[in-house]
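Structure at a glance
Here's the letter readout for the chains.
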Amino acid sequence: MYSLSLQKRTSLDELNALFSLGDQIQFIDGPGDFTYVQLETVHGSALISLYGGHVMRYQPQDEAPVLWMSSESQYDAGKAIRGGIPVCWPWFGPHPADKTKPNHGFARISEWHVFATRVIDQDTVQVRLALNSDDHSRFFWPYDFSLQLIVTLSEKLDVTLRVRNTGSSAFSMGGALHSYFTISHIESIKIRGLEDTVYIDQLASDARKTQSGPILFGSELDNIYVDTVNAVVIEDPGLHRNIRVEKTGSQSTVVWNPWIDKSRRMSDFGDDEYVGMVCVETANAVEDLVYLEPGETHQLGTSIQAERLG
Ligand code: BG6
């Protein structure tokens, strides 16, 4: 135990010696004995766990947190952190052929390492995390790859997942930047930007339906909107703000709220927490799979900005 924590402390010191940049980029300990990188600028702050390459906080200056975290989240290696932005990859949802494999892939339950940090200007900082194929990944998926998660904090938060096929065989992949957002109350928000879009209703045997008007919530909702590249806006009069979610490299958007019964079934999600969160996920899901030949690269990106209402 002593040597483990000593080793952990040394590696935190090493990370800070190699990659911290003044007060703007610091490596710290946190829940679950994981290592976290904290970003600070005049515009706000962000916190990213190296376990999962998981953005856990984005908080603009003088604003409520934009990303939602469950107070019941577990911080155990092998389990996903609940809230923030889980990196779902290389598949979205259940594995298509093997239900024993982890839901939403293995990237969110893998230990990432720090690739680089950068102060771009006094208002903009960036950290790049990396995850490369190894014995752990090959246990779940047979291909060779290199991933980079590029998190840039400025007057908004940009998160990009860059995937490169480093092997000699082509592969297809899905994924998502599965963003959880803080809202005032699920029954008082509206989501705009997906009007007249076809969606797959995962709660109705994957029936295809068409969204009429903005999305409103009054029960569990788990929809995959297809063929959409549009920005989505969460209108939240209760918090006097809109959250704008833009995206690249994605033609599907998932909107999810578990409502009452599913919240109760999830051990890492408080029974009443569904009222304060909604997921809008920048995805490569269902037929929106990405095919990469050896040497090819794909970037899935989301850009998140809180806009204060008058
Ligand atoms: C969403 C799915 O993306 O993720 C839901 O559409 C799922 O069906 C949710 O319940 C959470 O998944 P997990 O694996 O993090 O519990």
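Structure: see above.
What you see is a predicted model; the values in this text were computed from it and never measured.

**A look at the overall build of the protein chain**
Tallying secondary structure elements over the protein chain gives 3 helices and 22 strands in all. With the principal axes as the frame, the protein chain shows a C-alpha extent of 55 × 50 × 35 Å. The buried share of the protein chain, reckoned over its 310 residues, is 53%. Taking all contacts inside the protein chain whose residues are at least 6 apart in sequence as the whole, residues at least 24 apart take part in 62%. For the protein chain, the accessible area works out to roughly 13500 Å², and carbon and sulfur atoms hold 48% of it. Averaged over its 25 positive side-chain charges, the protein chain has a centre that lies 2 Å from the centre of its 41 negative ones.

**Focus on the site of the ligand**
If you check the shell around the ligand, you find R82, F92, N103, H104, R108, H178, Q202, D222, V254, W256, K262 and E281 and nothing else. In the model, an oxygen atom of the ligand is placed 2.8 Å from a nitrogen or oxygen of the R108 side chain. Between the ligand and the protein, one listed contact pairs an oxygen atom with a side-chain N or O atom of E281 at 2.8 Å. In isolation the ligand exposes 390 Å². Once the protein is present, 85% of that is buried. Across the shell around the ligand, the residue classes tally to 3 nonpolar, 4 polar and 5 charged.

**Remarks on the side chain of T152**
Relative to the helices and strands, T152 resides in strand β8 (residues 145-153). At a separation of 2.9 Å, a polar atom in the side chain of T152 contacts the side chain of Q126. For T152, the residues in contact, after removing those within four places along its chain, are I120, T124, V125, Q126, L157 and D158.

**Looking at the nonpolar core**
L39, W89, L161, F181, I191 and F217 are the most contacted members of the largest nonpolar core, which has 80 residues in total. Apart from the residues within four sequence positions on either side, F217 is in contact with I186, E187, I189, I191, V255, N257, W259 and V278. Counting 9 residues, the second-largest nonpolar core is a separate cluster that includes I200, V226, V254 and A285.

**Focus: the packing of aromatic side chains**
Throughout the structure, instances matching the rule amount to 18 aromatic pairs. Arranged with centres 5.7 Å apart and planes meeting at 25°, the rings of W68 and Y180 form a pair that is stacked. With W68 in the loop between β4 (54-60) and β5 (87-88) and Y180 in strand β12 (residues 180-182), this residue pair connects regions lying 112 residues apart in the sequence. Each member of the pair, W68 together with Y180, is buried. Seen from their ring centres, W141 and Y143 are 4.8 Å apart, and the 65° between their planes marks the pair as edge-to-face. When its relative accessible area of 27% is taken as the criterion, Y143 is described as partly exposed.

**Section: the pairing of strand β7 (residues 124-132)**
For β7, the tally of buried residues reaches 8 of 9 residues, placing the bulk of the element in the interior. Hairpin remark: strand β6 (residues 113-121) followed by β7, antiparallel, with 2 residues in the connecting loop. As paired strands, β7 and β8 are joined by 8 bridges and run antiparallel to one another. Residue pairing across strands places A130 opposite Q148, the latter belonging to β8.

What counts and how
- Residues numbered from 1 in each chain as written.
- Predicted model: local features only at pLDDT ≥ 70, side-chain atom pairs only at ≥ 80, totals over all residues.
- Heavy atoms only, no water.
- Helix = DSSP H or I, 4+ residues; strand = E, 2+ residues; numbered from the N terminus.
- Buried < 20%, exposed > 50% of the residue type's maximum accessible area, 1.4 Å probe, protein only.
- Contact = heavy atoms within 4.5 Å.
- Areas by Shrake-Rupley, 256 points an atom, 1.4 Å probe, with all protein chains shown as cover.
- Lys, Arg positive; Asp, Glu negative; His and termini not counted.
- Charge placed at Lys NZ, Arg CZ, Asp CG, Glu CD.
- Near = heavy atom within 4 Å.
- Polar contact = N/O pair within 3.5 Å; in protein donor to acceptor, adjacent residues only side chain to side chain.
- Nonpolar A, V, L, I, M, F, W, Y, C, P; charged D, E, K, R; others polar.
- Core = buried A, V, L, I, M, F, W, Y, C linked by side-chain atoms within 4.5 Å.
- Phe/Tyr/Trp six-rings, centres within 6.5 Å; stacked < 30°, edge-to-face > 60°.
- Pairing = 2+ DSSP bridges.

Interpretation note: all reported values are geometric properties and have no functional meaning in isolation.
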